[in-house]
Amino acid sequence: MRSIFWDNGLKLIDQTKLPEKLEIIECRNIEELADAIKRLAVRGAPALEAAGAYGIALAAREREFETVDELKDYLRKSAKFLASTRPTAVNLFVGIERALNAALKGESVEEVRELALMEAERLAEEDIERNRKMGEYGAKLLEDGDTILTYCNAGRLATVDWGTALGVVRSAVKEGKRIKVIACETRPLNQGSRLTCWELMEDGIDVTLITDSMVGIVMQKGMVDKVIVGADRIVRDAVFNKIGTYTVSVVAKHHGIPFYVAAPKATFDWGKKAKDVVIEERPREELIYCGNRQIAPLDVKVYNPAFDPTPLENVTALITEYGVIEPPYDVNVPKILKI
Ligand code: MRU
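Analysis parameters
- Residues numbered from 1 in each chain as written.
- Predicted model: local features only at pLDDT ≥ 70, side-chain atom pairs only at ≥ 80, totals over all residues.
- Heavy atoms only, no water.
- Salt bridge = Lys/Arg side-chain N within 4 Å of Asp/Glu carboxyl O.
- Buried < 20%, exposed > 50% of the residue type's maximum accessible area, 1.4 Å probe, protein only.
- Helix = DSSP H or I, 4+ residues; strand = E, 2+ residues; numbered from the N terminus.
- Domains from an automatic or database assignment.
- Buried area = accessible area lost by both parts, 1.4 Å probe.
- Arc of directions from axis to C-beta.
- Contact = heavy atoms within 4.5 Å.
- Polar contact = N/O pair within 3.5 Å; in protein donor to acceptor, adjacent residues only side chain to side chain.
- Near = heavy atom within 4 Å.
- Areas by Shrake-Rupley, 256 points an atom, 1.4 Å probe, with all protein chains shown as cover.
- Nonpolar A, V, L, I, M, F, W, Y, C, P; charged D, E, K, R; others polar.
- Pairing = 2+ DSSP bridges.
- Axes fitted to C-alpha atoms, helices over the stretch in contact; angles between N-to-C directions.
- Phe/Tyr/Trp six-rings, centres within 6.5 Å; stacked < 30°, edge-to-face > 60°.
- Lys NZ or Arg CZ within 6 Å of the ring centre and 35° of its normal.

1. Section: the pattern of salt bridges
Evaluated as defined, the whole model comprises 29 salt bridges. Close ionic contact of Glu 70 with Arg 63 constitutes a salt bridge, the shortest N to O distance being 3.2 Å. The exposure class assigned to Arg 63 is partly exposed, which follows from its relative accessible area of 37%. Arg 76 serves as the salt-bridge partner of Asp 73, at 3.1 Å between the closest nitrogen and oxygen. Of this pair, Asp 73 and Arg 76 both sit in helix H3 (residues 68-83), three residues apart, which is roughly one turn of that helix. In this structure Asp 73 comes out as partly exposed when scored by relative accessible area, which is 43%.

This is the structure in structure tokens:
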């Protein structure tokens, strides 16, 4: 099942309910979609790319418009509104811009609506296609019997389908390789324990859950052959991914364990450097409560960044739909991705 799709309206899996409940919700307007994005009902960079594009299609259908110019103005405003929901994953902006630019070519209200939805549907198809390609390239790096450590959720749920980092695992398993996964729980929102473990178990892929603080011991004990993670934005000197990824990369480097990042071309923002990227800071409540249980003093000072930059020198290779890119990245990324 796709994590996000159009079926007489915009539907998505509410990822906050997993693993207890697989629930599909409908976003009836862009306010509801913005709320779904902010509370991480839909999340993961490529899924946000699709959400942004479908958001424009949704905005175009929200109400009646007297003229095509009135609709186009509303779409431009809606694009800004949707882009203000989360700052770090560049894919959200890519998706919004793609659907907006397609829609603005329309000459009637009906045509604008159709063009926006067509572009969102095309983008969703392309996401699945590129994940499959990335999976095929990445699977060549995995050997029969490998144990892969992954962080956060870069699977089906974080994309439209198949996944980036977990797509590589899925492709290797499909080729007949016996692959095991170690999933870090990914505090504070537990995308690893809630989502990665759930979706791998659904597919019958061997997964073992650890807390984030156990990364050191599993590497020390020789239990990890390779690390594969996804990305929210890749700039000229760093990969931005879920908070804690940088720590994993440092420990992997210390133990000589290959550290791979799987991400589509749309995640590359090659004109920028780490200092240019805004790291989302999330509400203090995420650290003070675990579910309904209070786990810290209510008035404690809190720092809760959602992402961190992993320097590119810690990355063994980048797995993309155009192939596996090895260092030197300043030469090979523009050459292979043509950016
Ligand atoms: O805050 P989230 O859950 O949206 O963060 C997601 C991640 O950090 C993923 O690893 C990243 O988006 C890659 S998903 C293929």
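2. Side note on the domain arrangement of the protein chain
When the domains of the protein chain are assigned, the result is domain 1 (4-131) and domain 2 (141-337). Using C-alpha coordinates to define each centre, domain 1 is positioned 25 Å away from domain 2. A combined buried area of about 2500 Å² lies between domain 1 and domain 2, and 58% of that area is made up of carbon and sulfur atoms. When the buried area of domain 1 at its contact with domain 2 is split by residue, Arg 43, Thr 88 and Asn 131 rank highest and sum to 25% of it. Linking domain 1 to domain 2 there are one salt bridge. A salt bridge links Arg 86 to Glu 280, with the nearest nitrogen and oxygen atoms 2.8 Å apart. Of all elements in the fold, only helix H2 (45-61), helix H4 (90-103) and helix H5 (109-139) reach the threshold of two or more residues within the side of domain 1 that touches domain 2.

3. Here's the deal with helix H1 (residues 30-38)
Three or more residues of H1 are buried, namely Ile 30, Leu 33, Ala 34, Ala 36 and Ile 37. Summarising the axial view, the buried residues of H1 lie within an arc of 160°, below the 170-degree limit, and thus occupy one face. Those residues of H1 that are buried are in contact with strand S2 (10-13), strand S3 (24-27), H2, H3 and H4. The N-terminus of H1 is capped by Asn 29, whose side-chain oxygen sits 3.2 Å from the backbone nitrogen of Glu 31.

4. Side note on the site of the ligand
Contacts to the ligand come from 18 residues, most closely from Arg 43, Arg 86, Asp 232, Asn 241 and Lys 242. One of the backbone nitrogen or oxygen atoms of Gly 44 is found 3.0 Å away from an oxygen atom of the ligand. Against a free-state accessible area of 410 Å², the protein chains account for coverage of 99% of the ligand. Among the residues forming the shell around the ligand, the class breakdown is eight nonpolar, six polar and four charged. When residues of the shell around the ligand are sorted by domain, at least three fall in each of domain 1 (4-131) and domain 2 (141-337).

5. Topic: the sheet that holds strand S10 (residues 259-262)
The strand order S6-S5-S4-S7-S10-S14-S15 describes an open sheet built from seven strands, whose pairing is mixed. Each of the sheet's edge strands pairs with one partner strand only, and the pair in question is strand S6 (206-210) and strand S15 (323-325). On average, each strand axis in the sheet is inclined to that of its neighbour by 25°, with strand direction left out of account. Where strand S14 (residues 317-320) meets S15, three bridges bridge the pair, whose relative direction is antiparallel. Directly across from Leu 318, in S15, lies its bridge partner Ile 325. Running over the sheet, H5 touches S10, S14 and S15 and is turned about 140° from S14. In the packing of helix H7 (residues 191-202) onto the sheet, the strands contacted are strand S4 (147-150), strand S5 (180-184) and S6, and the crossing angle to S5 comes to about 160°.

6. Things to note about the packing of aromatic side chains
Tallied over the full model, the rule gives three aromatic pairs. Taken together, a centroid distance of 6.2 Å and an interplanar angle of 20° make the contact between Trp 6 and Tyr 54 stacked. Residue Trp 6 is located in strand S1 (residues 4-6), and its partner Tyr 54 is located in helix H2; the two are separated by 48 residues in the primary sequence. For the pair Trp 6 and Tyr 54, a shared accessibility class is recorded, and that class is buried. The ring of Trp 162 carries Arg 132 above its face, with NZ or CZ at 3.7 Å from the centroid. For the cation-ring pair, Lys 242 lies above Phe 307, with the distance from its terminal atom to the ring centre recorded as 4.2 Å.

7. Description of the sheet that holds S3
An order of S1-S2-S3 is seen for the three strands of this open sheet, with the pairing classed as antiparallel. Two strands close off the open sheet at either side, each with one partner strand: S1 and S3. Going from strand to strand, the sheet's axes swing by 30° on average, the running direction of each strand aside. Inspection of the sheet shows S1 paired to S2 by three bridges, in the antiparallel sense. Among the inter-strand pairings, Trp 6 is bridged to a residue of S2, identified as Leu 10. Here H1 sits on the sheet and contacts S2 and S3; the angle it forms with S3, its principal contact strand, is near 135°. Where H2 meets the sheet, its contacts fall on S1, S2 and S3, and the angle it forms with S1 comes to roughly 30°.

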